[in-house]
Amino acid sequence: MTVALWCVLVAALLPYLATTIAKAGGQRYDNRDPRSWLEKQQGFRVRANNAQLNSFEAFPFFAAAVIVAQMLQAQQERVDALAVIFIAARAGYLVAYLADWHWARSIAWLIGWLACIFLFVSGAHVAAGSPVQ
């Protein structure tokens, strides 16, 4: 299995890390109604939950980009590197969100998004017959 495909697995698990952070050690955590409990939280718990939601939103784009790039036989080293960049950006996004560093969070989000765009473009160029070097 390629590094990029392992990164898809990591990206699928990242939202659950944020969820765990949001819920861990919370007072009067109610597993029967966790969404209502989370709506009443403040500070890092709210930010962790928001990071979780955004991570779930980012995942389909990334997974599709990796699959398209590999399906179209884009240069594997490039696909792997872009996938690792995405994971690093999303990890940085989570840290920045938890720390309430809004500018860093936005930059990390943009880097991850651009990695997905480049993954698609790499695959598209190969499909057109001119591989990206």
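Residues numbered from 1 in each chain as written. Predicted model: local features only at pLDDT ≥ 70, side-chain atom pairs only at ≥ 80, totals over all residues. Heavy atoms only, no water.

Enquirer: For this particular structure, what's the right way to read the overall build of the protein chain?
Expert: Counting secondary structure elements, the protein chain contains 5 helices and 0 strands. Taking the principal axes of the C-alpha coordinates as reference, the protein chain spans close to 60 × 30 × 20 Å. The burial tally for the protein chain puts 36% of its 133 residues in the buried class. Contacts in the protein chain between residues far apart in sequence, at least 24 positions, make up 71% of those at least 6 positions apart. Here the protein chain has roughly 7,900 Å² of accessible surface; of this, 64% comes from carbon and sulfur atoms. (Helix = DSSP H or I, 4+ residues; strand = E, 2+ residues; numbered from the N terminus. Buried < 20%, exposed > 50% of the residue type's maximum accessible area, 1.4 Å probe, protein only. Contact = heavy atoms within 4.5 Å. Areas by Shrake-Rupley, 256 points an atom, 1.4 Å probe, with all protein chains shown as cover.)

Enquirer: Just to check I follow, could you spell out helix 3 (residues 44–71) for this structure?
Expert: One full turn of an α-helix is made of 3.6 residues, so residues set three or four places apart face in the same direction. Between its first and last C-alpha atoms helix 3 spans 39 Å; for 28 residues at 1.5 Å apiece the expected length is 40 Å, and the two agree. Immediately downstream of helix 3, the backbone of Gln73 shows phi near 60°, a positive value. (Expected span 1.5 Å × (residues − 1).)

Enquirer: Honestly, the packing of aromatic side chains in this entry has me stumped. Any pointers?
Expert: The description of an aromatic ring pair rests on the distance of the ring centres and on the angle between the ring planes. Applying the stated criterion across every chain yields a total of 5 aromatic pairs. Here the aromatic rings of Tyr93 and Tyr97 are separated by 5.5 Å at their centres, their planes lie at 85°, and the arrangement is edge-to-face. Residue Tyr93 and its partner Tyr97 are both found in helix 4 (residues 76–99); the two are separated by 4 residues, about one turn of the helix. An identical accessibility class is assigned to Tyr93 and Tyr97; each is buried. Consider the rings of Trp109 and Trp113, whose centres lie 6.0 Å apart with planes at 10°: the pair is stacked. You can see Trp109 and its partner Trp113 sitting in helix 5 (residues 102–127), 4 residues apart, about one turn around the helix. Taking the relative accessible area as the measure of exposure, Trp109 reaches 35% and is therefore partly exposed. Taking the relative accessible area as the measure of exposure, Trp113 reaches 37% and is therefore partly exposed. The positively charged end of Arg90 is found above the aromatic ring belonging to Tyr93, 4.2 Å away from the centroid. Just above the ring of Tyr97 sits the side chain of Arg105; from NZ or CZ to the centre is 4.2 Å. (Phe/Tyr/Trp six-rings, centres within 6.5 Å; stacked < 30°, edge-to-face > 60°. Lys NZ or Arg CZ within 6 Å of the ring centre and 35° of its normal.)

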